[in-house]
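If you want the building blocks of each chain, they are given just below.
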Amino acid sequence: MTSIDLNADLGEGMGTDEDLLAIVSSASIACGGHAGDAPTIRHILKICKGRGVRAGAHPGYADPKRFGRFRVVMPLDQLLGQIRSQLFLVRFIADEVGVPLSYVKLHGALANQTAEELAFAVGIFSTIQAMNPKMAVLALDNSQQVRAAKAVGMPLIREAYADRAYTAEGLLVPRNQEGAVLHDTDAVIERCLRLAQKGELVAIDGTVLKSSARSICLHGDTPGAIDLAREVRDALEGEGIEITAEPPEPPTA
């Protein structure tokens, strides 16, 4: 049976967390950078534990006023310190609740920058690996994140986005460009089915991209997000595709 993971970014104050946790198989939890606080993290982790949802950390630029969606120029050591602080917080609470943290997924501008810049991504991932050598990274497939994860020897979960447009190079279309976010339910469902069944994505210019992604990100911060997430899951399961947390690819020897 074909299977695929559904993940969502949670703890970002959207009011959709509990509904999404009934739909997804992996939860990327904001940990105090762009969003998130200790009580919210603890609440989500407890639900993950009760429902068997895989938990991951979702750090980003510590810039909550702009939701971590803009690149911030700072010394690398300062940025790495922000990431460590966020991971320490979520790891402390996860240990307290008794839930393993399985992966890290970078947020917003930090994710986009690491998807584009290999050396930058290697620096970020090396820091994360030093904190926990077994931690996987949920990475945008076909981006520099994948290459960096392999370079530093991190387990890898390849990700694609249900509702974000792609460039012909396989990167996400910037949110300030028209058509960057897909709102048509049928188009989103078609994309998810095509990815799961054929390993293909269609870029904004019509280019067909090959993808090995086995995790699909469902956003919770767009209008109608819960209904859309349910419809995506129902459509996948209706085609006999199992929704489950896909195990990471092991580090390259």
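Located above this text is the structure these notes cover.
Residues numbered from 1 in each chain as written. Predicted model: local features only at pLDDT ≥ 70, side-chain atom pairs only at ≥ 80, totals over all residues. Heavy atoms only, no water.

1. Some points on the overall build of the protein
What the protein contains, in helices and strands, is eight helices and 10 strands. On C-alpha atoms alone, the protein measures out to a radius of gyration of 17 Å, which is about the 18 Å that the 2.2 N^0.38 rule sets for 253 residues. Projected onto its principal axes, the C-alpha positions of the protein cover 45 × 40 × 40 Å. A separation threshold of at least 6 residues defines the contact pool for the protein, and within that pool the share at least 24 residues apart is 69%. Taken as a whole, the protein presents about 11000 Å² of accessible surface, with 51% of it coming from carbon and sulfur. With 25 positive and 32 negative side-chain charges, the protein shows a separation of 6 Å between the mean positions of the two kinds. (Helix = DSSP H or I, 4+ residues; strand = E, 2+ residues; numbered from the N terminus. Rg over C-alpha atoms; globule rule 2.2 N^0.38 Å. Contact = heavy atoms within 4.5 Å. Areas by Shrake-Rupley, 256 points an atom, 1.4 Å probe, with all protein chains shown as cover. Lys, Arg positive; Asp, Glu negative; His and termini not counted. Charge placed at Lys NZ, Arg CZ, Asp CG, Glu CD.)

2. Focus on the environment of A115
Relative to the helices and strands, A115 is located in helix α4 (residues 108–116). Residue classification places A115 among the buried residues on the basis of a relative accessible area of 6%. C-alpha separation for the pair A115 and N142, spaced 27 residues apart in sequence, amounts to 8.7 Å. Aside from chain neighbours lying at most four places away, what touches A115 is L140, S143, Q144, Q145 and L171. (Buried < 20%, exposed > 50% of the residue type's maximum accessible area, 1.4 Å probe, protein only.)

3. A word on the packing of α4 against helix α5 (residues 118–131)
Two elements in contact, α4 and α5, have axes separated by 6 Å at closest approach and are oriented at 120 degrees. By the angle between their axes, α4 is oblique relative to α5. Residues L110, Q113, T114 and E116 of α4 form the contact with α5, whose own contacting residues are L118, F120, A121 and I124. (Axes fitted to C-alpha atoms, helices over the stretch in contact; angles between N-to-C directions. Parallel < 35°, antiparallel > 145°, perpendicular 65-115°, else oblique.)

4. Topic: the nonpolar core
Where a protein is soluble and globular, its nonpolar side chains tend to be buried together. Among the nonpolar cores identified, the biggest contains 78 residues, and L45, I124, F125, I128, Y166, V232 and L236 are the most heavily contacted of them. A total of eight residues in this core trace back to one element, the largest contributor, which is helix α3 (residues 76–97). (Core = buried A, V, L, I, M, F, W, Y, C linked by side-chain atoms within 4.5 Å.)

5. Some remarks on the pairing of strand β5 (residues 136–140)
Of all the five residues making up β5, five are buried; the element is thus mostly covered by neighbouring parts of the structure. Alternating positions in β5 separate into two faces, A136, L138 and L140 on one and V137 and A139 on the other, with burial throughout. Two strands pair when backbone bridges link them, and strand β4 (residues 101–104) and β5 are joined in this way by two bridges, in the parallel orientation. Note on β5: the bridge partner recorded for V104 is V137. As defined by bridge partners, β5 adjoins strand β6 (residues 156–161) across four bridges and the pair is classed as parallel. Within β6, the residue paired with A139 across the bridge is R158. What joins β5 to β6 is helix α6 (residues 144–152), and the crossover it makes is right-handed. (Pairing = 2+ DSSP bridges. Right-handed = clockwise from strand over helix to strand, strands pointing away.)

6. A short note on the side chain of H219
Looking at the secondary structure, you find H219 in the loop between β9 (215–217) and α8 (225–238). In this structure H219 comes out as buried when scored by relative accessible area, which is 10%. Here D163 takes part through its side chain, which lies 2.9 Å from a polar atom of the side chain of H219. (Polar contact = N/O pair within 3.5 Å; in protein donor to acceptor, adjacent residues only side chain to side chain.)

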